[in-house]
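# Structural description and commentary
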Amino acid sequence: EKIELLLSRGADPSVRIHGRTALDWAIKQNQPAAAQILRQAEAKRSTNVESPVLAAAKQSPKPVLSSDIDLPTHRGAERPNDFALVIGIEDYQSLPKADYGARDAATVRKHFEALGVPARNIISLEGSQATGSKLKSYLQQWLPRNVKPESTVFVYYSGHGAPDPENGDAYLVPWDADPMFLTTSAYPLKQFYSELAKLKARRVVVALDACFSGSGGRSVLAKGARPLVSKVDESVPSSANLTVLAAASGSEITGTLDDQAHGIFTYYFLKGLSGGAKTPRALYDYLKPKVQDDARRQNREQSPTLAGSGADASF
């Protein structure tokens, strides 16, 4: 009765005295009735008490990310010969996050489908799926095997870029890459463009939401390294069919819009597509001043670039 009275007044049976709980003492003193009451109290308490992790999760629900461009407002006729490769990486295997990278890619995929690119013709590599080997396989084997001379190919990348401090070469950084070993684990930007330029397609349009300064944003640098070059080589090869829209130029870094949960460049890229931009140049003319303006509000500079042939050809 005394034990039940104490428990009813809030006594904690898990408290230890000289290393033993009340249940331990009841067993030691050969008090089976008391031990049974304490066992029941412990079972009831463990059922009612939440773990700190669960309690914190209930107190701080994960925010729902949303944007006014998450759902396309346009819908085009199906384009059965067109293809898209969409790459988005946010949580890297062993690198800092590229904020909203995977979310960017998932939304871009929806917009490419809305343009009319068949879902079966869209390859989406997000997060841990965006490994170096998969990127290489789809660029060097799958696209060349499937693309037709009348195809338009859309390629989108959202994630980290990296510079080689020794020679200024730029690299895309797959999910499993290591900036310490760029030449063996990352994908050279020159090769990326070269593979796309070799496609026997009517047109290849690339949108690149990454930067290569190594100074932050969507760029990384090997730990302890310092860039030794004043300019990173992001040049686009001469090609009759390749056009590239890139998020930033030179030593600039890319930024994000937290209220939209997207990269700034990607947000306005999709705004332009939804608004009916018909050519890469029209899209560029729309997004560049808006990206610059939002970047300045964040007290920095970010100027998208347009390069390659076909800037005035319709998508």
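Here the structure is a predicted model, which means the values were calculated and not measured.

Strand pairing within a sheet occurs via backbone hydrogen bonds; the two strands may be parallel or antiparallel. What the 3 strands build is an open sheet, ordered 4-5-6; its pairing is antiparallel. Single-partner strands in this sheet number two, and they are strand 4 (161–163) and strand 6 (187–188).

The strand order 2-1-3-7-8-11 describes an open sheet built from 6 strands, whose pairing is mixed. The open sheet is flanked by strand 2 (122–126) and strand 11 (305–308), the only strands paired with a single partner. Averaged over all pairs of adjacent strands, the angle between their axes in this sheet comes to 10°, without regard to strand direction. Two elements, strand 3 (residues 152–158) and strand 7 (residues 203–209), share 7 bridges in a ladder whose sense is parallel. The residue bridging Y156 from the neighbouring strand is A207, located in strand 7. Running over the sheet, helix 5 (residues 101–115) touches strand 1 (83–88), strand 2, strand 3 and strand 7 and is turned about 165° from strand 1. Seen against the sheet, helix 9 (residues 264–274) touches strand 3, strand 7 and strand 8 (242–246) and runs at an angle of roughly 140° to strand 7.

With that settled, the discussion passes to the nonpolar core. Of all hydrophobic cores here, the largest spans 43 residues; its most connected members are L143, Y157, F192, L196, V204 and L208. At the level of elements, strand 1, strand 2, helix 6 (132–146), strand 3, strand 5 (170–172), helix 8 (189–197), strand 7 and strand 8 are the ones that each hand at least two residues to this core. A total of 4 residues in this core trace back to one element, the largest contributor, which is helix 8. Setting aside chain neighbours within four positions, we find L143 in contact with F83, L85, Y138, V153, L196 and L199. L245, Y268, A277 and V291 belong to the second largest nonpolar core, which has 29 residues in total.

Scoring rules and cut-offs
- Residues numbered from 1 in each chain as written.
- Predicted model: local features only at pLDDT ≥ 70, side-chain atom pairs only at ≥ 80, totals over all residues.
- Heavy atoms only, no water.
- Pairing = 2+ DSSP bridges.
- Helix = DSSP H or I, 4+ residues; strand = E, 2+ residues; numbered from the N terminus.
- Axes fitted to C-alpha atoms, helices over the stretch in contact; angles between N-to-C directions.
- Contact = heavy atoms within 4.5 Å.
- Core = buried A, V, L, I, M, F, W, Y, C linked by side-chain atoms within 4.5 Å.
- Buried < 20%, exposed > 50% of the residue type's maximum accessible area, 1.4 Å probe, protein only.

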